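Here are the chains, one letter per residue:
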Amino acid sequence: MAHASTLSYETIDVFTNAAAGGNPLAVCFVPDGLELSAAQMLKITSEFNYSESTFVFPPIDPANTARVRIFTPATEIPFAGHPNVGTAAVLARRGECFGKSIGAEVIFEEEAGLVPVKIERGEDGVVGATLTAPQSFVTAGTLECAEVAAAIGLTCADIRTAHHAPTVASVGLPFVLAELSSREALERSHNVVSEFSNGSEQLEAVGKILCYIRAEPGDNVDIRARMFTKRGNEDPATGSANCALLGLLASLDNSTSKHMETLQLKIAQGVEMGRPSV
């Protein structure tokens, strides 16, 4: 028998301007007064089978836009990049949320903290959004090259350590960040689920590796990346991981002016899996 309560939802592709590119997202709207358990949201997320889905609730603080809970098909997570960008864009295109009109910025209440998201508009309306991570950049140690390489189907020779060892970093959700030696190594990388548990406790606990290269001169991007998880999936676009990567690169850049407030890099991800994202 069908349940009497219904949810409205929209799906959107994030970090792309082409349909069926980028990272897909389901945005589910939970009306005021509807009780929805974590188990129910997890089942709904598994039904969509995207890397993440969001559930938009009325805010606890009326000064904010909404309370947003983010789920993967396996668990709830405290913060993520493309779900915030996509949810903000959907709300801005709708023009209102829980009776309040959407202006130049939305503020989401999330487990990791408040996430402000600025709306980007063009001649044809909403074209994107820019988030501010809920937490400051932090690192939590380094991992052995061998265990990281094994989890992404490579060898230690494929991991470049001239700038940094594989590092756990976060702006609200932790990732292992590993620089690779070449574009060929990036293309050859793949998920080896069993190796996530064969390594250190920290690797298994984090369970997500963003591997990347610095693009060659003449490329149309600055960084090329792939992201693999212990669940066995590859993510087409991972905003939270790339936010952490930018924090790491900025912290390692000795030439960076202490007065510089912004580091901007163009990152390509998802190319090798057929869902190109920028």
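Reading guide: rules and limits
- Residues numbered from 1 in each chain as written.
- Predicted model: local features only at pLDDT ≥ 70, side-chain atom pairs only at ≥ 80, totals over all residues.
- Heavy atoms only, no water.
- Helix = DSSP H or I, 4+ residues; strand = E, 2+ residues; numbered from the N terminus.
- Rg over C-alpha atoms; globule rule 2.2 N^0.38 Å.
- Buried < 20%, exposed > 50% of the residue type's maximum accessible area, 1.4 Å probe, protein only.
- Areas by Shrake-Rupley, 256 points an atom, 1.4 Å probe, with all protein chains shown as cover.
- Lys, Arg positive; Asp, Glu negative; His and termini not counted.
- Charge placed at Lys NZ, Arg CZ, Asp CG, Glu CD.
- Pairing = 2+ DSSP bridges.
- Salt bridge = Lys/Arg side-chain N within 4 Å of Asp/Glu carboxyl O.
- Arc of directions from axis to C-beta.
- Contact = heavy atoms within 4.5 Å.

Chemist: Got a sec to walk through the overall build of the protein chain? Specific residues and values, please.
Modeler: Looking only at helices and strands, the protein chain features seven helices and 17 strands. Taken over the C-alpha trace, the protein chain has a radius of gyration of 19 Å; the compact-globule value for 278 residues is 19 Å, and the two agree within 12%. Taking the principal axes of the C-alpha coordinates as reference, the protein chain spans close to 55 × 50 × 35 Å. Here the protein chain holds 278 residues, and the buried ones make up 46% of them. Accessible surface for the protein chain amounts to roughly 13300 Å². Of this, 50% is attributable to carbon and sulfur atoms. Side-chain charges in the protein chain split into 20 positive and 33 negative, and the spacing between the mean points of these groups amounts to 1 Å.

Chemist: Please give an account of the pairing of strand E12 (residues 167–170) that cites residues and values.
Modeler: Side chains Thr167 and Ala169 of E12 all project onto a buried face; the interleaved residues Val168 and Ser170 project onto the opposite face, where all are buried too. Bridge analysis of strand E11 (residues 138–142) against E12 gives three bridges, and the strand direction is antiparallel. Residue pairing in the sheet places Val138 in a bridge with Ser170 of E12. Bridge count for E12 against strand E13 (residues 174–179) is four bridges, and the pairing is antiparallel. Opposite Thr167, over in E13, you have Leu177 as the bridge partner. Hairpin connection of E12 to E13: three residues between the antiparallel strands, including Gly172 at a positive phi of 145°.

Chemist: Before we move on, could you go through the pattern of salt bridges and cite the residues and values that matter?
Modeler: Across all of its chains, the model carries eleven salt bridges by this definition. With a shortest N-O distance of 3.1 Å, Arg160 and Glu179 are connected by a salt bridge. Of the two residues, Arg160 is situated in the loop between helix H3 (145–151) and E12 and Glu179 in strand E13; the sequence distance between them amounts to 19 residues. The exposure class of Arg160 is partly exposed, given its relative accessible area of 34%. We note a salt bridge from Glu272 to Arg226, for which the minimum N-O separation is 3.8 Å. Note that Glu272 is positioned in the segment after strand E17 (267–269) and Arg226 in strand E15 (residues 223–229), a separation of 46 residues in sequence. Take Arg226: its relative accessible area is 6%, and that puts it in the buried class. When salt bridges that share partners are traced, they join Asp158, Glu184 and Arg188 into one network.

Chemist: An account of helix H1 (residues 38–48) is requested, with residue identities and associated values reported.
Modeler: For H1, the set of buried residues is Met41, Thr45 and Phe48. One side of H1 holds all its buried residues, which, seen down the axis, span an arc of 55°. Pointing more than 90 degrees away from the buried face of H1 are the exposed residues Ala39, Lys43 and Glu47. Buried residues along H1 sit against strand E1 (8–14), strand E2 (23–29), strand E3 (53–57) and strand E4 (66–71).

Chemist: Please set out the pairing of E15 residue by residue, giving values where relevant.
Modeler: Among the seven residues that make up E15, seven are buried, leaving the element largely enclosed by the rest of the structure. Of the two faces of E15, the one lined by Ile223, Ala225, Met227 and Thr229 and the one lined by Arg224, Arg226 and Phe228 are each fully buried. Sheet topology note: the strand E14 (residues 208–214)/E15 ladder contains seven bridges and is antiparallel. The partner of Ile213 across the bridge, within E15, is Arg224. Here E15 pairs with E17 via three bridges, running parallel. Note on E17: the bridge partner recorded for Ala225 is Gln269. Pairing of E15 with strand E16 (residues 234–235) involves two bridges; the strand directions are antiparallel. Residue pairing across strands places Phe228 opposite Glu234, the latter belonging to E16. Linkage of E15 to E16, two consecutive antiparallel strands, is achieved through a turn of four residues, within which Gly232 is found at a positive phi near 100°.

Purely geometric stuff here, so don't read any function into it on its own.
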